[in-house]
Amino acid sequence: FPSHDTLDLIVFLKDPVNLAKKRTTTFWNRKILLTSTPTIKDASRIESAFLQSDQRRYHVSCPDCGELQHLKWSGVKWVNDDPKTAMYACEHCGSLWSDSARYKSITLGRWIATQPFDGIAGFHLNEIYSPWRKLSEIVSDFLRSKDNPEMLKTFVNTSLGETWEEAGDQSDPQILMNRREKYPAEVPAQVKSLTMGVDVQSDRVEFEVVGWGDGEESWSIDYQIIFGDPGIVTGKQIGRA
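**Q** What exactly am I supposed to notice about unusual backbone geometry here?
**A** As a rule of thumb, non-glycine residues mostly have phi less than zero, and peptide bonds are mostly trans rather than cis. Phi is positive for Asp81, close to 55°, though the residue is something other than glycine. Here Asp81 shows up in the loop between strand 3 (76–79) and strand 4 (82–89). Residues other than glycine seldom take positive phi values, yet Glu216 does so here, at roughly 65°.

Here is the structure:
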């Protein structure tokens, strides 16, 4: 089997972004620009790159109170599902901006980093900054897509420039803690978590419990074979395809 270093190199080279970066190493004045629409939260390549940057947001001044802020979806307000009433609300004083007031504020805005600069500059914009889109048009898109998960995902990714987080069932962590049991096997102190792999055959089930530590170091904790027909549960035959 290849070593961990070799595996890391294979993963590095298969990633198109890292491969492109590698090909710029011979240029002393290289500049690398990554632009993309985000996709799934924690699985989006552009999200990962942005989180490594100084995360700059474009801030504009409120036409009424003058306070700086970056434009976000929570600031867009409308009445009774009527897109024509859409306006932008200042997060400081609550004043409502028309499209023309929003456009003017954008022309006078500036980028502000939200994280320390460590050699990588990152910039985030959404459709609310677009001079070619009215708020009523953006709200119309949202209302058409809000009841369809796939359409809403597209809206979040493309219009808001944000990652999509899949909804799912979540368990109560306390219930999980209450189900803990003492395990009779000896487990090294370095083990942080346990996993069990199961191999199902026609006449038996084989399983192995593996302990995992830092750096993917692992220990075989337990291995057993249970003979019998896996298709029979408490005396009842399970149908097979």
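**Q** Honestly, the nonpolar core in this entry has me stumped. Any pointers?
**A** Of all hydrophobic cores here, the largest spans 23 residues; its most connected members are Leu71 and Trp73. Among the secondary structure elements, those contributing two or more residues to this core are strand 1 (56–61), strand 4, helix 5 (135–145) and helix 6 (149–159). When residues of this core are assigned to their parent elements, the largest contribution, five residues, is made by helix 5. Residue contacts for Leu71: discarding those within four places in its chain leaves Tyr58, Val60, Tyr88, Trp97, Arg102, Ile106, Asn126, Ile128 and Tyr129. Judged by nonpolar contacts, the second largest core, of five residues, contains Val191, Phe207, Val209 and Ile221.

**Q** Explain the confidence of the model for the protein chain to me, please; I cannot follow it from the model alone.
**A** Atomic detail in the predicted coordinates should be set aside for any region of low pLDDT. Mean pLDDT over the protein chain works out to 86, with 88% of the residues at or above the 70 mark. In this model, residues 1–13 is a region of pLDDT below 50 whose contacts with residues beyond four sequence positions or in other chains number six contacts. Within the model, the stretch residues 235–241 combines pLDDT values under 50 with ten contacts to residues more than four positions away or in other chains.

**Q** Honestly, the side chain of Ser95 in this entry has me stumped. Any pointers?
**A** Looking at where Ser95 falls in the secondary structure, it is placed in the loop between strand 4 and strand 5 (96–97). With relative accessibility at 14%, the residue Ser95 sits in the buried group. In terms of polar contacts, Ser95 uses its side chain to reach the side chain of Asp64, at 2.9 Å. Setting aside anything within four residues of it in sequence, one finds Ser95 in contact with Cys62, Asp64, Tyr88, Ala89 and Cys90.

**Q** Can you walk me through the pattern of salt bridges in this structure?
**A** Pairs can form between side chains of opposite charge whenever their charged atoms are close. What the rule picks out here adds up to eleven salt bridges. Put simply, Arg133 and Asp141 hold a salt bridge, and the shortest N to O gap is 2.3 Å. A salt bridge links Asp214 to Lys192, with the nearest nitrogen and oxygen atoms 3.1 Å apart. Of this pair, Asp214 sits in the loop between strand 9 (204–212) and strand 10 (218–227) while Lys192 sits in the loop between helix 7 (173–178) and strand 8 (193–200); the two residues are 22 residues apart in sequence, bridging distant segments of the chain. As far as burial versus exposure is concerned, Asp214 and Lys192 are alike and both exposed. Connected through salt bridges with shared partners, the residues Glu127, Arg133, Glu137, Asp141 and Arg144 form a single ionic network.

Calculation rules
Residues numbered from 1 in each chain as written. Predicted model: local features only at pLDDT ≥ 70, side-chain atom pairs only at ≥ 80, totals over all residues. Heavy atoms only, no water. Helix = DSSP H or I, 4+ residues; strand = E, 2+ residues; numbered from the N terminus. Core = buried A, V, L, I, M, F, W, Y, C linked by side-chain atoms within 4.5 Å. Buried < 20%, exposed > 50% of the residue type's maximum accessible area, 1.4 Å probe, protein only. Contact = heavy atoms within 4.5 Å. pLDDT = per-residue confidence, 0-100. Polar contact = N/O pair within 3.5 Å; in protein donor to acceptor, adjacent residues only side chain to side chain. Salt bridge = Lys/Arg side-chain N within 4 Å of Asp/Glu carboxyl O.

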